[in-house]
Amino acid sequence: MTHFLDINKTDASALCDIIDSAISMKQARAGAPKGTADADQPLDGRMVALIFEKPSTRTRVSFDVGVRQMGGQTMVLSGADMQLGHGETIADTARVMSRYVDLIMIRTFEEATLLEMAEHATVPVINGLTNRTHPCQIMADVMTFEEHRGPIKGKKVVWSGDGNNVFASFAHAAGQFGFDLTFTGPEPLDPEYGFLEEARAKGANVVIERNPHVAVEGADLVVTDTWVSMHDPQSARERRHNQLRGYQVNAELMAKANPDALFMHCLPAHRDDEATSEVMDGPHSVIFDEAENRLHVQKAIMRHCLGV
Ligand code: CP
Ligand code: NVA
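Structural notes on the site of ligand 2
Inference 1: Around ligand 2 sit L129, N164, N165, V166, D225, T226, S229, M230 and L267, and those are all the residues in its vicinity.
Inference 2: For ligand 2, the accessible surface in isolation is 270 Å², of which the surrounding protein chains cover 95%.
Inference 3: Residue composition of the shell around ligand 2, grouped by class: four nonpolar, four polar and one charged.

Regarding the site of ligand 1
Inference 1: For ligand 1, the full set of nearby residues is S56, T57, R58, T59, R107, H134, Q137, C266, L267 and R294.
Inference 2: Within the side chain of Q137, one N or O atom sits 3.0 Å away from a nitrogen atom of ligand 1.
Inference 3: Within the contact set of ligand 1, a nitrogen atom lies 2.8 Å away from a backbone nitrogen or oxygen of L267.
Inference 4: A total of 260 Å² of accessible area belongs to ligand 1 in isolation, and the protein chains cover 95% of it.
Inference 5: Its residues assigned to classes, the shell around ligand 1 shows two nonpolar, five polar and three charged.

Observations regarding the side chain of R240
Inference 1: Structurally, R240 is set in helix α9 (residues 237-244).
Inference 2: According to the relative accessible area criterion, R240 is buried, its value standing at 9%.
Inference 3: Among the polar contacts made by the side chain of R240, one reaches the side chain of D162 at a distance of 3.0 Å.
Inference 4: Other than its neighbours up to four places away in sequence, R240 contacts D162, L189, W227, V228 and D232.

A word on the packing of aromatic side chains
Inference 1: Taken as a whole, this structure holds four aromatic pairs when the rule is applied.
Inference 2: Summarising the aromatic geometry, the rings of W159 and F167 are spaced 5.7 Å apart at their centres and angled 70° between planes, so their arrangement reads as edge-to-face. Per residue, the accessibility class of W159 equals that of F167, and both read buried.
Inference 3: Each ring, one from F170 and one from F179, has its centre 6.3 Å from the other, and the planes form 75°; the classification is edge-to-face.
Inference 4: Note on F170: relative accessible area 1%, which makes it buried.
Inference 5: Assessed through its relative accessible area of 0%, F179 is described here as buried.
Inference 6: By way of ring pairs, the aromatic residues W159, F167, F170, F179 and F183 are connected into one cluster.
Inference 7: K54 extends its terminal NZ or CZ atom over the ring of F109, reaching a point 4.7 Å from the ring centre.

A look at the environment of A12
Inference 1: Structurally, the position occupied by A12 is in helix α1 (residues 12-28).
Inference 2: Residue class for A12 comes out partly exposed when judged on its relative accessible area of 30%.
Inference 3: Along the sequence, A12 and Q176 sit 164 residues apart, while their C-alpha atoms lie 5.3 Å from each other.

Details of the sheet that holds strand β8 (residues 221-224)
Inference 1: A sheet is described by the order of its strands in space; here five strands give the open sequence β7-β6-β5-β8-β9, paired in parallel fashion. Unpaired on one side and paired on the other, β7 (206-208) and β9 (262-265) mark the two borders of the sheet. Pairs of neighbouring strands in the sheet enclose a mean axial angle of 20°, with direction left out of account.
Inference 2: The sheet contact formed by β8 and β9 spans four bridges and is parallel. Directly across from T224, in β9, lies its bridge partner H265.

Considerations on helix α7 (residues 193-201)
Inference 1: Those residues of α7 lying buried are F195, L196 and A199. The buried residues of α7 occupy an angular sector of 95° when projected down its axis, which confines them to one face.
Inference 2: The positive-phi residue at the C-terminal boundary of α7 is G203, with phi of around 100°.

Here we look at the nonpolar core
Inference 1: Residues F4, I126 and M139 are the most contacted members of the largest nonpolar core, which totals 56 residues.
Inference 2: For this core, the element with the most residues is helix α6 (residues 165-177), which contributes eight residues.
Inference 3: Ignoring anything within four residues of it in the chain, the contact list for I126 reads F4, F63, L103, I104, M105, I106, L114, C136, I301, M302 and C305.
Inference 4: Counting 17 residues, the second-largest nonpolar core is a separate cluster that includes M97, I106, L114 and A121.

Cut-offs used in this document
Residues numbered from 1 in each chain as written. Chains lettered and ligands numbered in written order. Predicted model: local features only at pLDDT ≥ 70, side-chain atom pairs only at ≥ 80, totals over all residues. Heavy atoms only, no water. Near = heavy atom within 4 Å. Areas by Shrake-Rupley, 256 points an atom, 1.4 Å probe, with all protein chains shown as cover. Nonpolar A, V, L, I, M, F, W, Y, C, P; charged D, E, K, R; others polar. Polar contact = N/O pair within 3.5 Å; in protein donor to acceptor, adjacent residues only side chain to side chain. Helix = DSSP H or I, 4+ residues; strand = E, 2+ residues; numbered from the N terminus. Buried < 20%, exposed > 50% of the residue type's maximum accessible area, 1.4 Å probe, protein only. Contact = heavy atoms within 4.5 Å. Phe/Tyr/Trp six-rings, centres within 6.5 Å; stacked < 30°, edge-to-face > 60°. Lys NZ or Arg CZ within 6 Å of the ring centre and 35° of its normal. Pairing = 2+ DSSP bridges. Axes fitted to C-alpha atoms, helices over the stretch in contact; angles between N-to-C directions. Arc of directions from axis to C-beta. Core = buried A, V, L, I, M, F, W, Y, C linked by side-chain atoms within 4.5 Å.

Here is the structure:
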């Protein structure tokens, strides 16, 4: 069974193949209306379930459109509307769903839910975000970097802000794709150190630098994300804003990165909190390419999982 659960759980060579496949599929349909079928229809006859326990715009729409472009069919399910939300076990849900569909994508809270789903499903399972990681997003980000700047290997990526689930997948990617990664943020919001250690064990240069202006020197890519994630309690909002204010990505900070540095944000953004509109809409920003590339890279991930 070929699941796509995290970037550190798929071979580095397969990850590179996924990026290459995504770029060629994107090029092959350049300019076509979004509803046009791809010339290849590798998902012909396949049914894909998209399960959401949290809100989504990009993940939901890009997976749905991607499956349809490849000839498959989708059903979008809210976790709360399934028996899953009313006490049916994840294991039983996985076994049942596997009798109806050929692939399951799930966005959930606890990583344990994803892992249990994968353990008991007899069809591939894709991680569409958990509290801990967001691998599809970072595959799109690596693709976007490489489209604009060539290989990401050896480049310097700087994350400014909360050490959250999106950062964690960047740490996985640093180990697998071989780029340097600097985290800059307040100590209480540090990522789990295990993510950093694992990337270091794979040879990536991963550091924590508390001063954002020092951190971004020499950066080829500056990344941030929301200061309050979907799994964070709203009661923590004010404290987090106070802790993170100094890590806002603004024009002054971007000016300290390399002149051709890119700026990324997985979106949704809170404009003028974690990043200013000047940066988000400015010359370094590739945020909408990132969003588009979710579509292309997830098509390649689904093909990888299904072996088609
Ligand atoms: N970036 C991302 O995953 O966006 P959605 O929450 O809209 O899916
Ligand atoms: N860190 C954010 C990412 C949203 C795509 C969250 O988990 O809410």
